[in-house]
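Here is what each chain is made of, one letter per residue.
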Amino acid sequence: MTDERVPYYLTTAIHYPNGEPHIGHAYEMVGADAMARFARLDGRDVRFLTGTDEHGQKMAQTAEREGVTPLELATRNSGAFRRMDDEVLDVSYDRFIRTTDADHHAAAQEIWRRMEANGDIYLDRYAGWYSVRDERFFTEEETEVREDGTRCATETGTEVTWTEEESYFFRLSTYQEPLLQMYRENPGFAAPSSRFNEVIRFVEGGLTDLSISRTSFDWGIPLPAPADPSAEDAQSRKNHVMYVWVDALANYLTGAGWPETDPAAVERYWPADVHIIGKDISRFHCVFWPAFLMSAGIELPKRVMIHGFLNNNGEKMSKSLGNVVAPADWVARYGLDAVRFFLLREFPFGADGSYSHDAVVGRKNADLANNLGNLAQRSLSMVAKNCDAAVPRPGGLSEADAAILAQVDALLEKTRAAYAEQDFHAALEETWRVLGEVNAYFADQAPWVLKKSDEPRMRTVLYVTLQAVRRVALLVQPVMPGSATRLLDLLGVAAEGDAGRTGASGTGARSFAAFGDDLVPGTPLPKPEGVFPRHE
Ligand code: ME8
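Rules used in this analysis
- Residues numbered from 1 in each chain as written.
- Predicted model: local features only at pLDDT ≥ 70, side-chain atom pairs only at ≥ 80, totals over all residues.
- Axes fitted to C-alpha atoms, helices over the stretch in contact; angles between N-to-C directions.
- Helix = DSSP H or I, 4+ residues; strand = E, 2+ residues; numbered from the N terminus.
- Parallel < 35°, antiparallel > 145°, perpendicular 65-115°, else oblique.
- Contact = placed C-beta atoms within 7 Å.
- Nonpolar A, V, L, I, M, F, W, Y, C, P; charged D, E, K, R; others polar.
- Buried ≥ 20, exposed ≤ 12 C-beta atoms within 10 Å, placed from the backbone.
- Pairing = 2+ DSSP bridges.
- Core = buried A, V, L, I, M, F, W, Y, C linked by C-beta atoms within 7 Å.

### Points about the packing of helix H11 (residues 327–334) against helix H12 (residues 336–345)
One can describe the packing of H11 onto H12 by two numbers: an axis separation of 7 Å at closest approach and a directional angle of 110°. When the interaxial angle is binned, H11 and H12 end up roughly perpendicular. For the pair formed by H11 and H12, the contact residues are Trp 330, Val 331 and Tyr 334 on the first element and Leu 336, Ala 338 and Val 339 on the second. Partitioned by chemical class, the residues of the contact of H11 with H12 number 6 nonpolar, no polar and no charged.

Shown next, in the form of structure tokens:
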């Protein structure tokens with residue numbers, strides 16, 4: 001049977017497992033998970049890739065400090081990232097890739113071979129500044145000497161060390177024009193536009209060739225054997241491992257089954273629909289990655305969504321400031337759905353933002369407990385008491401009824417448009433604006449007064465309100481899968497199997513195909529209970 005659904009392949013950055021995950025990592029996962037769930041509920045055949053980036057000098061150094069092997073360090077912390085996804089955040093990924101996986105080695109070596117076959121790789125010497133923290137090379141002009149005498153990268157503030165070694169280079173300089181042309185032809189290649197413009201200005205400033213192998217340590221993927229075994233460098237290339245970013249970026253291809261673990265999947269899912277990454281790694285994804293792919297003759301991803309950074313009360317999170325929050329602690333304190341909602345509602349995905357205890361509690365109490373929770377609880381309790389605990393039968397709709405339903409109905413298209421740009425904030429803002437209108441409608445119509453004066457009208461108002469709550473609950477499933485599912489259960493909406501897929505709450509998902517359906521009068525409803533508790 002052929003799958004008629006349109007494929008949708010999305011990826012997150014793969015995280016460095018040189019420590020435990022923090023709330024910045026959680027932020028990226030929640031955004032990507034909302035996107036994946038939305039696409040599934042909207043009928044797409046989703047493949048969602050995440051994982052850990054396990055090679056490189058940073059991993060090797062941390063392992064040495066901790067007295068374990070790099071693989072032991074990677075395995076331990078990769079497990080912590082995976083547990084965050086599975087047990088803390090309910091992330092519905094399809095594959096958790098580790099760059100130490102065997103199929104990934106094959107993919108990384110294959111892309112290298114293709115770039116080499118295209119004449120884009122040559123052997124030379126690298127002499128310059130390297131930041132282990134950033135796993136990145138810097139030119140002299142990109143660094144500065146601090147008061148304490150250490151040299152740092154100006155852009156990232158991390159320490160750099162002078163590095164001189166034999167290295168293979170990628171002819172990035174020859175891709176300046178092709179990249180600029182690709183950007184012109186694909187104005188949506190990266191977003192938001194402010195960050196895309198920074199990338200374009202960087203490329204316009206000229207590109208130098210990129211060092212893509214290292215000899216000073218061996219924790220990385222070996223270079224593939226040369227096409228010609230009698231090549232002059234056949235022996236010496238055994239001393240090189242791939243620069244960790246060549247290896248890391250190739251994970252997106254591995255995850256699609258490239259080059260040959262799953263050709264049908266490659267055909268179906270590549271090019272990726274969106275790579276979701278943070279602002280500090282935009283250059284790798286918008287400059288290096290498309291240049292590698294052009295060189296290797298592989299189609300480019302459709303979009304790179306560059307999210308901002310999450311700060312603690314306006315301060316950068318750092319171990320030295322002691323303000324690093326563990327995602328599990330946050331979730332234990334506020335509840336998963338309040339955290340997920342806060343992260344996506346508080347500020348636009350492309351912008352930087354901040355969290356504080358008061359801000360999270362504000363969202364939890366005002367937006368969730370009051371605007372949505374109370375409305376649902378009050379209308380459902382009235383139905384339980386006054387309508388035989390079943391969906392009431394409405395009479396003819398008044399102008400006010402029709403007007404509020406029209407606003408609710410328009411939310412699907414608006415939400416779809418916002419998600420197409422990963423603008424979760426705009427989607428939620430509009431949904432909560434309309435929820436405000438529904439609350440005003442409920443207060444104006446005062447069904448508790450109608451109960452004494454006009455029972456048929458009371459039933460109509462309750463029906464319209466439940467109808468509105470049902471549509472809002474459908475649309476917030478990607479953000480709050482657990483709570484939305486419970487709310488839909490309380491509304492007597494039948495679950496449809498696995499449209500939302502995986503995760504503890506996946507089985508109860510209801511796809512958007514049913515968005516336009518009406519609640520069926522007479523459907524028995526379970527005893528109402530609060531879904532969005534207040535934070536005391
Ligand atoms: O960069 N707020 O890994 P990483 C929001 N392995 N996002 C944040 C953040 C914060 N405070 N701190 C980090 C790497 N991030 C590479 C990626 S991809 C082929 C290789 C984001 O563990 C960061 O921007 O340092 C990145 O997207 C992700 O977390 C992983 O960061």
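### Describing the pairing of strand S13 (residues 274–278)
S13 sits mainly inside the fold: 4 of its 5 residues count as buried. One ladder, built from 3 bridges, connects strand S1 (residues 7–12) with S13; its direction is parallel. The partner of Thr 12 across the bridge, within S13, is Ile 276. Bridge count for S13 against strand S14 (residues 304–307) is 4 bridges, and the pairing is parallel. If you follow His 275 over to S14, its bridge partner there is Val 304.

### Observations concerning the nonpolar core
One finds Leu 10, Met 242, Val 246, Leu 249, Phe 292, Ala 473 and Leu 491 to be the most contacted residues of the largest nonpolar core, which totals 140 residues. Setting aside residues up to four positions removed in sequence, Met 242 forms contacts with Ala 108, Trp 112, Ile 212, Ser 213, Gly 220, Ile 221, Leu 223 and Asp 247.

### Side note on the sheet that holds strand S2 (residues 45–52)
One open sheet accounts for 6 strands, arranged S3-S2-S1-S13-S14-S9; its pairing is parallel. Both edges of this open sheet fall to strand S3 (95–98) and strand S9 (190–191), since each of them pairs with a single strand only. Pairing of S9 with S14 involves 2 bridges; the strand directions are parallel. Opposite Ala 191, over in S14, you have Met 305 as the bridge partner.

Nothing here speaks to function; it is all geometry.
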